[in-house]
Amino acid sequence: GAVVSQHPSWVICKSGTSVKIECRSLDFQATTMFWYRQFPKQSLMLMATSNEGSKATYEQGVEKDKFLINHASLTLSTLTVTSAHPEDSSFYICSARGLRLVKETQYFGPGTRLLVL
Amino acid sequence: KQEVTQIPAALSVPEGENLVLNCSFTDSAIYNLQWFRQDPGKGLTSLLLIQSSQREQTSGRLNASLDKSSGRSTLYIAASQPGDSATYLCAVLNNAGNMLTFGGGTRLMVKP
């Protein structure tokens, strides 16, 4: 149980386009979802936290107008990278926390690798 | 602000060795500490989770300890195998349960 999926797993796009990444909790209801970014050979950095039905809370230094997060249902959160540029190329990982699971534990998705040309 | 440090950053050992990975954190007010494994280009696999009230957790050849007062955790891998080669990440969850802070990771290479 407690499986989190991400789609797509890989995306290559041209500079200036927008890219949407989906994060789904497959077998539980995710009250909170988290989005992380990981640059090569670096650790994960939290970008934002989203609770179902409310606006996301962004970490310092993360542009909320560039990284749009929507958590419209208890099983789906989306991250849209708007007007992507090469410096946005990174590995994006989501995690989810839910009811009736190990308290406060985050379950991680497999990640989405974004390459902006 | 919580800071998590992992030492060493990289480690190369011959197969069969027992090894210890270290993790230290600056704020001891934590909810739990978790060790993850990450293979190149892949997501995270949770290995062990230690609640703040616990001292250690074991799973197979892995043993993780936690000394909250000193801000330290160790991951012990017994009889290492080439398949253990990966990056190992330590992450600390704050008391409020809303911020998971990761260390920089230890890249482990086990040579056959």
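Up top is the structure.
Reading the values: rules and limits
- Residues numbered from 1 in each chain as written.
- Chains lettered and ligands numbered in written order.
- Predicted model: local features only at pLDDT ≥ 70, side-chain atom pairs only at ≥ 80, totals over all residues.
- Heavy atoms only, no water.
- Phe/Tyr/Trp six-rings, centres within 6.5 Å; stacked < 30°, edge-to-face > 60°.
- Helix = DSSP H or I, 4+ residues; strand = E, 2+ residues; numbered from the N terminus.
- Buried < 20%, exposed > 50% of the residue type's maximum accessible area, 1.4 Å probe, protein only.
- Disulfide = S-S within 2.5 Å.
- Contact = heavy atoms within 4.5 Å.
- Buried area = accessible area lost by both parts, 1.4 Å probe.
- Nonpolar A, V, L, I, M, F, W, Y, C, P; charged D, E, K, R; others polar.
- Pairing = 2+ DSSP bridges.
- Axes fitted to C-alpha atoms, helices over the stretch in contact; angles between N-to-C directions.

Q: What am I meant to see in the packing of aromatic side chains here?
A: In this description, an aromatic ring pair is defined by two values, namely the gap between the centres and the angle between the planes. Enumeration over the complete set of coordinates arrives at seven aromatic pairs over all chains. Considering the side-chain rings of Phe36 of chain B and Phe102 of chain B, the 5.7 Å spacing of their centres and the 40° angle between planes classify their relative orientation as tilted. Highlighted residues: Phe36 of chain B in strand E4 (residues 30-38) and Phe102 of chain B in strand E10 (residues 100-102), separated in sequence by 66 residues. Each of the two residues, Phe36 of chain B as well as Phe102 of chain B, counts as buried. Each member of the aromatic cluster is reached from another via a ring pair, and the members are Tyr36 and Phe108 of chain A together with Phe36 and Phe102 of chain B.

Q: So what exactly am I meant to see when it comes to the state of the cysteines here?
A: Covalently bonding the sulfur atom of one cysteine to the sulfur atom of another cysteine gives a disulfide. Throughout the structure, instances matching the rule amount to two disulfides over all chains. Between the sulfur atoms of Cys23 of chain A and its disulfide partner Cys94 of chain A the distance amounts to 2.0 Å. Measuring handedness by torsion sign, the sulfur bridge of Cys23 of chain A and Cys94 of chain A sits at about 80° and is right-handed. Of this pair, Cys23 of chain A sits in strand E3 (residues 19-25) while Cys94 of chain A sits in strand E9 (residues 90-98); the two residues are 71 residues apart in sequence, bridging distant segments of the chain. Taken as a pair, Cys23 of chain A and Cys94 of chain A share a single burial class, namely buried. One disulfide in the model links Cys23 of chain B with Cys90 of chain B; its S-S distance is 2.0 Å. Of note, the bridge from Cys23 of chain B to Cys90 of chain B carries an S-S torsion of about -55° and is left-handed in sense. In this pair, Cys23 of chain B sits in strand E3 (residues 19-25) while Cys90 of chain B sits in strand E9 (residues 86-94), placing the two residues 67 residues apart along the sequence. Neither residue differs from the other here; Cys23 of chain B and Cys90 of chain B are each classed as buried. Take Cys13 of chain A: it sits in no disulfide, and the sulfur closest to it among the cysteines is that of Cys94 of chain A, at 19 Å.

Q: Could you clarify how one ought to interpret the environment of Cys94 of chain A in this entry?
A: Residue and element names in this part refer to chain A. Accessibility expressed as a relative area gives 0% for Cys94, which makes it buried. With 40 residues separating them in the primary sequence, Cys94 and Ser54 have C-alpha atoms 17 Å apart. In this view, Cys94 contacts Val4, Ser5, Gln6, Cys23, Phe34, Trp35, Tyr107, Phe108 and Gly109; residues no more than four positions away in its chain are not counted.

Q: Just to check I follow, could you spell out the interface of chain A and chain B for this structure?
A: One frequently used descriptor of interface size is the decrease in accessible area upon assembly of the parts. Taken residue by residue, the interface counts 20 residues in chain A and 19 residues in chain B. Carbon and sulfur atoms supply 55% of the area buried between chain A and chain B, which totals about 1400 Å² over both sides. The three residues of chain A that bury the most area against chain B are Ser43, Glu104 and Phe108 of chain A, which together make up 30% of that side's buried surface. Looking at the side of chain A that touches chain B, the elements that each hand over two or more residues are strand E4 (30-38), strand E5 (44-51) and E9 of chain A. For the side of chain A that touches chain B, the per-class residue count stands at nine nonpolar, six polar and five charged.

Q: Is there a simple way to think about the pairing of strand E1 (residues 4-7) of chain B in this case?
A: Consecutive side chains of a regular strand alternate in pointing toward one face of the sheet and then the other. Residues and elements named next belong to chain B. The two faces of E1 differ: Val4 and Gln6 on one face are buried, but Thr5 and Ile7 on the other face are not. Pairing of E1 with E3 involves four bridges; the strand directions are antiparallel. Bridged to Gln6 within E3 is Cys23.

Q: What's the story with the sheet that holds E1 of chain B in this structure? I'm lost.
A: Strand pairing in a sheet is mediated by backbone hydrogen bonds. Such pairs are either parallel or antiparallel. Residue and element names in this part refer to chain B. What the five strands build is an open sheet, ordered E1-E3-E8-E7-E6; its pairing is antiparallel. Each edge of the sheet is formed by a strand with only one pairing partner; in this case those strands are E1 and strand E6 (56-59). With strand direction ignored, the average angle separating the axes of adjacent strands in the sheet is 15°.

The quantities given are spatial measurements derived from coordinates; they are silent on function.
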